[in-house]
Amino acid sequence: MATMEECRAALDELSDNLAGANGDVRAAAALDRSLSCHITDLDRTFTGRLRDGRIEVEHTLDGPPGERAQIRLAMKGDDLVAMVAGELNFARAWTSGRVRLEAGFRDLLRLRTLL
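In this text, all values refer to a predicted model and were calculated from it rather than measured experimentally.

Caption draft 1: Region of the structure containing the UniProt feature "domain: SCP2" (unreviewed entry) in the protein chain. Sequence positions flagged by UniProt for "domain: SCP2" (unreviewed entry) are, in local numbering, residues 29-102. Taken end to end, residues 29-102 has its terminal C-alpha atoms 16 Å apart, with 20% of it in helix and 45% in strand.

Caption draft 2: Quick look at the pairing of strand E1 (residues 32-39). Extensive coverage of E1 is indicated by the burial of six of its eight residues. The pairing of E1 with strand E2 (residues 44-51) spans eight bridges and is classified as antiparallel. When the sheet's bridge partners are listed, Ser34 is paired in E2 with Arg49. Between E1 and the antiparallel strand that follows it, E2, lie four residues; Asp43 among them carries a positive phi value of about 50 degrees. Bridge count for E1 against strand E4 (residues 71-75) is five bridges, and the pairing is parallel. Within E4, the position partnered with His38 by the bridge is Ala74.

Caption draft 3: Structural view of the pattern of salt bridges. Here the structure, examined in full by the defined rule, presents nine salt bridges. Here Asp32 ties to Arg49 by a salt bridge, and the two come within 2.9 Å at their closest N and O atoms. Of this pair, Asp32 sits in strand E1 while Arg49 sits in strand E2, placing them 17 residues apart in sequence. Judged by relative accessible area, Arg49 falls into the partly exposed class, the value being 21%. Between Arg72 and Glu102 there is a salt bridge, with its nearest N and O atoms 3.2 Å apart. Residue Arg72 is found in strand E4, and its partner Glu102 is found in strand E5 (residues 100-103); the two are separated by 30 residues along the sequence. Look at Glu102 and you get partly exposed, because its relative accessible area is 38%.

Caption draft 4: The nonpolar core, seen in detail. Ranked by internal contacts, the top residues of the largest apolar core, which has 29 residues, are Phe46, Ile71, Leu73, Met75, Leu80, Met83 and Val99. Only helix H1 (4-19), E1, E2, strand E3 (54-62), E4, helix H3 (77-84), helix H4 (90-95) and E5 provide two or more residues apiece to this core. When residues in this core are grouped by element, the largest group, five residues, is from H1. If sequence neighbours within four positions are ignored, Ile71 has contacts with Leu31, Arg33, Ser34, Leu35, Ser36, Leu50, Leu101, Glu102, Ala103, Asp107 and Leu111.

Caption draft 5: Quick look at the environment of Asp32. Accessibility expressed as a relative area gives 41% for Asp32, which makes it partly exposed. Asp32 sits 17 residues away from Arg49 along the chain, and the two C-alpha atoms are 6.9 Å apart. With residues up to four places along the chain from it excluded, the contact list for Asp32 reads Arg49, Leu50, Arg51 and Gln70. A polar side-chain atom of Asp32 sits 2.9 Å from a polar atom in the side chain of Arg49.

Conventions we followed
Per-chain numbering applies: the sequence of each chain, read as written, is numbered from 1 onward. Owing to the predicted nature of the model, reporting of local features is limited to residues with pLDDT of at least 70; listing and counting of side-chain atom pairs is limited to 80 or more, with chain, interface and lining totals taken over all residues. With hydrogens and water stripped out, all remaining heavy atoms of the structure feed into the side-chain values. UniProt positions are given in the numbering used here, feature names are shortened, and annotations may be inferred rather than shown by experiment. Put simply, DSSP H or I for four residues or longer makes a helix, DSSP E for two residues or longer makes a strand, and each gets a number counted from the N terminus. Working definition: with a 1.4 Å probe on protein chains only, accessible area under 20% of the residue-type maximum means buried, over 50% means exposed, and in between means partly exposed. In this description, strands pair whenever DSSP reports at least two bridges between them. A pair is scored as a salt bridge if a Lys or Arg side-chain nitrogen falls within 4 Å of a carboxyl oxygen belonging to Asp or Glu. Grouping buried Ala, Val, Leu, Ile, Met, Phe, Trp, Tyr and Cys residues that are joined through side-chain atoms within 4.5 Å yields what is termed a nonpolar core. Contact between two residues is taken to exist if any of their heavy atoms lie within 4.5 Å; hydrogens are not considered. Here a polar contact is recorded for every N or O atom pair within 3.5 Å, except that within protein the pair must consist of a potential hydrogen donor and a potential acceptor, and residues adjacent in sequence are included only if both atoms are side-chain atoms.

Spelled out as structure tokens, the structure:
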């Protein structure tokens, strides 16, 4: 089972990857939205913002997110680490239910480029 430190490192790496992206991926990540990522097996949540193509983690909370972020992710820590490492395809994990992504319709349309 991935630790909170490994999950945080994966989010930092994902942020770096988004910041270094070009074209459609960079445009899709250039939102300014509140973000939560609930690590279900650890029952902990990272909250922050997706802003200017970077993920800015502001808080780590026990349990599920207390407030409803504009973009909400939920998954096991191992799945987060595997996705960022390129070992798990996000689209397949999402369609199989291993990863939950909730957002407004417009945001989902923009984020689909990242999938």
